[in-house]
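# Working through the structure, step by step
Residue strings, one per chain:
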Amino acid sequence: MKFFLDTADLAEIEEAASWGALAGVTTNPSLYAKIGGKLDDFHAHIKRICDLVDGPVSAEAVSTTRDQIVREGRELAALAPNVVVKIPTMVEGLAATRTLADEGIPVNMTLCFSVPQALLAARAGARYISPFIGRFDDIADDGLGQLANVVAALGNYDFSQSTVGGQQVEVIAASVRSAHHVTQSALMGADIATVPFGVLKKMVQHPLTDRGLESFMSDWEKVKNA
Ligand SMILES: O=P(O)(O)OC[C@H]1O[C@](O)(CO)[C@@H](O)[C@@H]1O
């Protein structure tokens, strides 16, 4: 499993990248709004993220018609070689994905909540598909179970004819709210988890690690003073 950071916050990205395990970043309009992002700085901000990360950076298109999404997707893709255009799962989004994929522009199909949506996204040429976990949990549904269905269904077929350069579509476990979500997503074979910085920090922690470290350190003090 690869790890993406789900944020538009440059300080978080810089810090997470320095840990050595970061493979990419995902952003969305809400995350950009959360950092106080301004419309006329959006492209520059995506560029700044792309400079910080050695890996794909998803930037979301906010148009709703296929021609506009394609236009926006081309503009975003021109910002940096590691931009991935994020497009919502809907008819206009699928059509735009096909066009962009045929031009060699990678797409991350977002707001995916079902197996049929994921299958269509893969056939339309999406490079990444982002099924949401937490938002199912929010409505008392089983987000992990829904993700498991998508992973299993996609695994039944070969989509290499549909995607850019024959690359396999990768599933990004999205709307991740806990380290438990990450564990279960990995066990079911999701390719990537995109996680908020708070979850990434929790993924490093274990009380037995803390306890073990404490005892190693105190025993080493004894060695030094012996
Ligand atoms: O439900 P949440 O925590 O807002 O997460 C939404 C998800 O949407 C995405 O835009 C999906 O690609 C991710 O950035 C994020 O994981």
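Note that the structure is predicted; figures quoted are calculated from it, not measured.

Analysis parameters
Residues numbered from 1 in each chain as written. Predicted model: local features only at pLDDT ≥ 70, side-chain atom pairs only at ≥ 80, totals over all residues. Heavy atoms only, no water. Near = heavy atom within 4 Å. Polar contact = N/O pair within 3.5 Å; in protein donor to acceptor, adjacent residues only side chain to side chain. Areas by Shrake-Rupley, 256 points an atom, 1.4 Å probe, with all protein chains shown as cover. Buried < 20%, exposed > 50% of the residue type's maximum accessible area, 1.4 Å probe, protein only. Helix = DSSP H or I, 4+ residues; strand = E, 2+ residues; numbered from the N terminus. Pairing = 2+ DSSP bridges. Right-handed = clockwise from strand over helix to strand, strands pointing away. Contact = heavy atoms within 4.5 Å. Axes fitted to C-alpha atoms, helices over the stretch in contact; angles between N-to-C directions. Parallel < 35°, antiparallel > 145°, perpendicular 65-115°, else oblique. Left-handed = near helix turned anticlockwise from the far one by under 90°. Nonpolar A, V, L, I, M, F, W, Y, C, P; charged D, E, K, R; others polar. Phe/Tyr/Trp six-rings, centres within 6.5 Å; stacked < 30°, edge-to-face > 60°.

## Here we look at the site of the ligand
- Residues in close proximity to the ligand total 13 residues, the closest being Asp6, Lys86, Arg135, Ser175 and Arg177.
- A distance of 2.4 Å is found between an oxygen atom of the ligand and a side-chain nitrogen or oxygen belonging to Lys86.
- The side chain of Arg135 places a nitrogen or oxygen atom 2.7 Å from an oxygen atom of the ligand.
- Alone, the ligand offers 400 Å² of accessible surface; in the complex the protein occludes 87% of this.

## So, the pairing of strand β5 (residues 107-112)
- Most of β5 sits out of view: 5 of its 6 residues are buried.
- Direction of pairing for strand β4 (residues 83-88) relative to β5: parallel, over a ladder of 4 bridges. Directly across from Val85, in β5, lies its bridge partner Val107.
- In terms of handedness, the path from β4 via helix α5 (residues 91-102) over to β5 forms a crossover that is right-handed.
- Where β5 lies against strand β6 (residues 128-131), 3 bridges are found, and the strand directions are parallel. Following the sheet pairing, Cys112 is matched in β6 by Pro131.

## Here we look at the side chain of Ser58
- Residue position: Ser58 is located in strand β3 (residues 57-60).
- Of the residues examined, Ser58 reaches a relative accessible area of 2% and is grouped as buried.
- At 3.1 Å, the side chain of Ser58 forms a polar contact with the side chain of Asn108.
- Residues contacting Ser58, with those up to four places away along its chain left out, are Val25, Thr26, Thr27, Val84, Lys86 and Asn108.

## Digging into the pairing of strand β8 (residues 192-195)
- With burial as the criterion, each face of β8 is covered, one bearing Ile192 and Thr194 and the other bearing Ala193 and Val195.
- Where strand β1 (residues 2-6) lies against β8, 4 bridges are found, and the strand directions are parallel. Considered in β8, the bridge of Lys2 is made with Ile192.
- Pairing between strand β7 (residues 170-173) and β8: 2 bridges, direction parallel. Following the sheet pairing, Ile172 is matched in β8 by Ile192.
- Read from β7 through helix α9 (residues 179-187) to β8, the crossover connection turns out right-handed.

## Concerning the sheet that holds β6
- Taken together, the 8 strands give a closed barrel; going around it, the order is β1-β2-β3-β4-β5-β6-β7-β8, and neighbouring strands pair in parallel fashion. When the angles between neighbouring strand axes are averaged without regard to direction, this sheet yields 30°.
- Contacts from helix α3 (residues 42-52) reach β2 (24-26), β3 and β4, with the element oriented near 165° to β3.
- Relative to the sheet, helix α8 (residues 143-155) contacts β6 and β7, its axis offset from that of β7 by approximately 175°.

## Considering the packing of helix α4 (residues 66-77) against α5
- Two numbers describe how α4 lies on α5: the axes approach to 8 Å, and their chain directions differ by 45°. With respect to α5, the element α4 is oriented oblique. As for the relative orientation of α4 and α5, their crossing is right-handed in sense. Facing Arg66, Ile69, Val70, Gly73 and Arg74 of α4, the residues of α5 in contact are Val91, Glu92, Gly93, Ala95, Ala96, Thr99 and Leu100.
- Grouping the amino acids of the contact of α4 with α5 by side-chain chemistry returns 6 nonpolar, 3 polar and 3 charged.

## Structural notes on the packing of aromatic side chains
- On inspection of all chains with the given rule, the structure shows 6 aromatic pairs.
- On the numbers, 5.4 Å between centres and 70° between planes, the contact of Phe113 with Phe136 is edge-to-face. One end of the pair, Phe113, is in the loop between β5 and α6 (115-123); the other, Phe136, is in helix α7 (residues 134-138), and 23 residues separate them in sequence.
- On the basis of relative accessible area, Phe113 is assigned to the partly exposed category, the value being 28%.

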